Structure formats: structure tokens, C-alpha cells
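# Report on the structure
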Amino acid sequence: MKKTIRQLILDAAQKAFENNEFNSNEFADFAIEEPKSDAHGDIATNFAMVNAKTQKMAPRKIAEILIRYIGNDSPVIEKTEIAGPGFINFFILPAAWYPVLNDIYEKDAEYGFSDIGKGQKTQVEFVSANPTGPLHVGHGRGAIVGDSVATLLSACGYDVHREYYINDAGKQIQTLGLSVFLRCKQLDGHTVEFPEECYQGDYIRDIAEELKQEKDDWIYSVSEDEAVSFCSKFAADRMIIKIKNVLNTLGISFDNWYSEQALVDSGKVESVIQKFKNREIIYEKDDALWFKTEDFGDEKDRVVVRNNGQSTYFASDIAYHQDKLDRGFDRIIDVWGADHHGYIPRIRASITASGKDEKQFVVILTQLVNLLRKGVPVSMGKRSGQFITLQEVIDEVGKDAVRFIFLTRHYESPLDFDLEVAKQKTNDNPVYYVQYVHARISSIIRKARDENKIGKNEITDIAFDKNAMAMIREPEEIQLIKHLARYPETIASSAEYMEPHRMAFYLMDLAADFHAYYNKHRVLTEDPDLTAGRLYLIFAVQKVIRNGLTLLGVSAPDSM
RNA sequence: GCGCCUGUAGCUCAGCUGGAUAGAGCAACGGACUUCUAAUCCGUAGGUCAGGGGUUCGAAUCCCUUCAGGCGUGCCA
């Protein structure tokens, strides 16, 4: 509809210019939008205002000329008017909205999908939590945002690749191994002291017990170094399995699990360092190797190889991001927790340094999650082991509620996640509000079948009965269709701005419109045409609700 | 100190990238179930968009500044 109106305006403007009523045929960019208030019509444009300069005319004068050329013969327009400082408001004929419904039936699960991504290869890397402990709610937020963004991009025709980067090299993995090793010894009755840096959560004990079950006393038959190293590998593998399981319960899976250790073993880290050394953008100081990130926009230079010869996490990351781009991705999107924001300039520096376009690299920073119970903060501390895991949160409030709550906020705002609120099945918890629409419509359709009220056509018939269609004319019904017509652009903007919350809010709004309609009008009536028309409408609503929930990874139940 | 993020109704949050009278939900108050699921709906009330300046036809939105909160500012990850 917006496209149609835009074209009408452009054609009219061109004609006005040809007849010398406009001073220029260079028109400024103008907006086509839906006014907040119904009194301002269905669609409005600021064309006249933004073109005051190009035409050297008063906005209202421009508007007058324009609507004269738009005329009244368009099949979709009921009337036009000029309002306020020069808005042009269009009132659309109710019947002009009907094709939206046919479109929904025709495209079905792919209604609203587009190819604006043009098959661009896009990688979304998210979660990527260290396998040194269970996921917590903060990881959950990144996981859900990343997954939903990936899904939305796919719906817009991007060729999307989901990746999890496993930090399975480096000191923290050794520490993990040591923690498990010490816990094993303790389980065997030895007195051991845990160094402060060791992980002490219950999961360490679980892994130690699993290890003992599989390997019995083997760890004492080898050197301690060898034992710890084995424990590291064993524990990391176990943690990855657990992480995969949690993510599975959230409906999240990855195309690739990328191992840092494998990256190191491949020699890519070494070779990037060498390459940068040759270009003299890596230099030696204080027995360490430094990357001149400051030359590429960072605050100061960063260490890539420590004075003890170990390379840093950053060194791997340079090679990793290089490798991503070498794999041919047009755009790489990293989803990080806000506490990593200091890393952006240095990664960007590494990308610029290697001659790539920094615009290919995008970071979504999800702000921290405060876990509460009845308004009281739940303490979180990884080393101490005193924390609630993501798995526990999901078990308590359910996958759908967790996903939806995380998605009803802009990822940039800090999030208070209250476990008690999340469990409530009230409107504090809008996931049920939206799902209820789906269940209600399923219920109506069941009843319609029971009572033989489906009519002579199946509801899903695209070539729908004209008489039935014409019965759709209540204001609430037209309102619903207008809302359904906005779904495609909601997908597009959610994907373009990588803001899945837009879809969540869209669904809540649509749900509100439906619930209001439901309370005011009966779908199943004694009039067969009316009943058929309304069934056709609500079935379309149900499809859109289901499609939208699916994009957000939330289920659409047939009964609640 | 510097950098990033945030500040909108009592609470939790939107506000479509500069548009018309700033919107929802919760909480409060008053109504609607013999009829398709009341996990719903209808209504009332609630605002100096943190404060101040600027940009222009027009600012919650852009710029400057002050204040408040969070995070970061490692040869940790």
C-alpha cells in the first residue's frame, strides 16, 4: 500500500513539473507513514514540507498542487486532505485492503519474507561463552538476540551462518582442568586447598565425578601435568555438551562450532603475527609483542604475545576475524555482552590493518541482565559458584517466556529479569497474551468445524468467496487487516536494524487488536457469508501471529 | 580522569531513525462472563521525555553542556 501511494505521489509530482506548476523535478526524500491518529487518515506523507526548499514554495501550496494531480480516480483512495503544516493525508477505501489477506494465504509461512539481503553471506557469531562454566542469563540474552537476528536476516534473503567460537585454548582452560583435578583428589579423600583462581561451582564436582567414573584412578598413574591437561580437555568437552543442551532447550543451534585451539594449531595465529611483524605494525617492547592498534583508531597499542611467550586472547581473535572474512562473508556480526565493548576498537583495528572494510564488521552489544526474585537481586558470582544458571531459569519459567521477555526490550537497555514476574501468566508477561490469540483462533476454528460453519469453501482457499469477503467491513476488521499489512515491513526493519524487539512489539499490538475485536464481535454467526468472511480474516491473523512467533523462536499453541 | 551504554507515568518498557494531541502493560479506581477460552475486554486517573542551552517550519529523537546510574579502562577472558 505504501508503495502504491509513493508511486502516486511521484507520478503526480512529475506531471505537475511538466505543466510548470513545480519549479524543479528534483524532489527531496519524503516519508510515507501511518499517522498515529485515525483522524489523520490511513497514510500520510511529509512530501510538501520536505520539498519547500526544492520548490521554493510554501508547503501547503505544494500540497494543494500535488493533490490536484493525484486526483480522485485511483482505485484505492477514498479521499485526500491537507493538514497541519502541510501533511497530505490519504484515506484508503476499505476494500482496497482485502488483497493483503489473499497475499497472506498465498505466501503462508513465508508471508512478509523478502530478498532485500540478496543472498549476501552474513555470519552471526554469538554466545561464544568460555567452556569454563555453565551459561548464565546474560549469555541467554545474547543467545536469544543473536538467534533471532539470524532468523530475521534469513527471512530477508540473507545467507546466514551461525557460529559459536569456543575459547578452548589458553589459561582459563588450564584453570578449569586444575579445578577438576583438585576436586577429584578431594573426592578421593585427599585434603586439598583450592587456589583462589579456581572454579568452585557444583558443576566442577559433577564433572569430577563423571571423570572418575570413566577413568577411575588413572589420573594418579601419570604425571600431574599430564593429568591436569587431560582434565582440561575432558572438562571442556563436557561443558560444551552442557552448553549445547541448554541452547537446544532454547531452540538454538549453530552451523559451526569453531575451536580456538584448532585455529592455533592450524598456524593461522602465528602467521598473522608474522605478517604484521613484517609490515612493522607489530613491534617488540618490554619482551612482549605489541600490535599498533593506536594507528588504526584504538586508544593505545595492545599486547599480542606476552613476555612469557604466550599469545593473548586478542592474538587469536585477530586471526579468527581474519579467517571469518577469508571464508568469504560479506558481513560478520558479533553479539557480545556490554562488558566487552572495550574490545571493539581493537578488533576493528585488526580488520582495517588487514585491508578489509571495517563496515563489514558489526557488533551487537547486549546490555547486562539483572536477575531478580520479587524485586530482590539474586547474587551472581562465577568463581564462588553462587549463581543461578540459564538452565535453571529456563526450567523455572519456560523457554517461551524467557525468549519473549528478552526480546521485548531493546538489546541496548539493561534488563531487569524478575523470576517471579516471568512465571506469572498475566499481562505482565506478554508472551501468553500473544500466544492466547493463537489458541483462541484455533478454538474458534475447531468450533466452526464442529458446527459445520466453515462454509462452502475451505478457509484456506485463496480464491475466496467474494460475497464473504465483502462482509469484512467493521472498523475493527479493517484495522486488523491494516495491521497485518504492516507485517512485512516489520520483518524488514527488525532485520535491517537488527532489533528483534520490533517484531515482539508488533505481535503484542496485533494481539491487542485481535482481543479487542474478539470481545466486540462474534465470528461464528447465523449468517454464512459473514461467518465465512470473518473466519477468513482471523485465520490470516493466526498465520501472522504464528509466523511472527516462529521468527522469535516462540511456540504457537493451539490451546492453553 | 577518559571511553561506551542508559535516564520517558508510581513500576517495567515502547516511541517506526526529525513530524501532528508522547504510547502500552503492571499497580490504583469503576465496569463487562447463561453466547466462539475472562491468560480477555471497556472506561477513569496518571508526564517539566533527568536539568540547561543550541540547530529549524517542527526535537523525547540531532549537537553542546551539567547531573545521576551501569559497564569498561590488564602482558585476564
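Residues numbered from 1 in each chain as written. Chains lettered and ligands numbered in written order. Predicted model: local features only at pLDDT ≥ 70, side-chain atom pairs only at ≥ 80, totals over all residues. Heavy atoms only, no water.

## Side note on the protein's contact with RNA strand B
As a matter of local geometry, RNA strand B sits amid 62 residues, with Asn130, His341, Tyr433, Tyr436 and Ser443 nearest to it. Near the protein, within 4 Å, the atoms of RNA strand B are sugar or phosphate in 63% of cases. Within the contact set of RNA strand B, a base nitrogen lies 2.9 Å away from a backbone nitrogen or oxygen of Val523. Elements represented by at least two residues in the surface near RNA strand B include exactly helix H2 (47-50), strand S4 (87-92), strand S9 (288-291), strand S15 (415-418), helix H17 (430-450) and helix H21 (501-520). Considering each element in turn, the surface near RNA strand B owes the most residues, eight residues, to H17. Split into classes, the residues belonging to the surface near RNA strand B amount to 27 nonpolar, 20 polar and 15 charged. (Near = heavy atom within 4 Å. Polar contact = N/O pair within 3.5 Å; in protein donor to acceptor, adjacent residues only side chain to side chain. Helix = DSSP H or I, 4+ residues; strand = E, 2+ residues; numbered from the N terminus. Nonpolar A, V, L, I, M, F, W, Y, C, P; charged D, E, K, R; others polar.)

## As for the domain arrangement of chain A
If you check the domain split of chain A, you get domain 1 (2-92), domain 2 (98-114 + 427-551) and domain 3 (126-256 + 367-423). For domain 2 and domain 3, the distance between their C-alpha centres works out to 40 Å. Facing 23 residues of domain 2, the contacting portion of domain 3 comprises 22 residues. For the domain 2 and domain 3 pair, buried surface summed over both sides reaches about 1900 Å², with 70% attributable to carbon and sulfur atoms. Joining domain 2 to domain 3, the criterion identifies zero salt bridges. Inspection of the domain 2/domain 3 interface yields four residue pairs in polar contact (both at pLDDT 80 or more). Secondary-structure elements contributing two or more residues to the side of domain 2 that touches domain 3 are H17, helix H20 (487-496), H21 and helix H22 (528-551). Of the residues forming the side of domain 2 that touches domain 3, the biggest block, five residues, is contributed by H17. (Domains from an automatic or database assignment. Contact = heavy atoms within 4.5 Å. Buried area = accessible area lost by both parts, 1.4 Å probe. Salt bridge = Lys/Arg side-chain N within 4 Å of Asp/Glu carboxyl O.)

## As for empty space enclosed by the protein
By the definition in use, this model includes one cavity of 30 Å³ or more. Considering the residues around the largest cavity, the lining is formed by Val145, Phe406, Leu407, Arg409, Tyr411, Glu499, Pro500 and His501. Of the residues contributing to the lining of the largest cavity, the split by class is five nonpolar, one polar and two charged. Both of domain 2 (98-114 + 427-551) and domain 3 (126-256 + 367-423) provide at least three residues apiece to the lining of the largest cavity. (1 Å grid on protein atoms, 1.4 Å probe; cavity = no way out; pocket = protein on both sides within 12 Å on 5 of 7 lines; lining within 4 Å. Points joined across faces, edges and corners; volume = space filled by probe spheres on them.)

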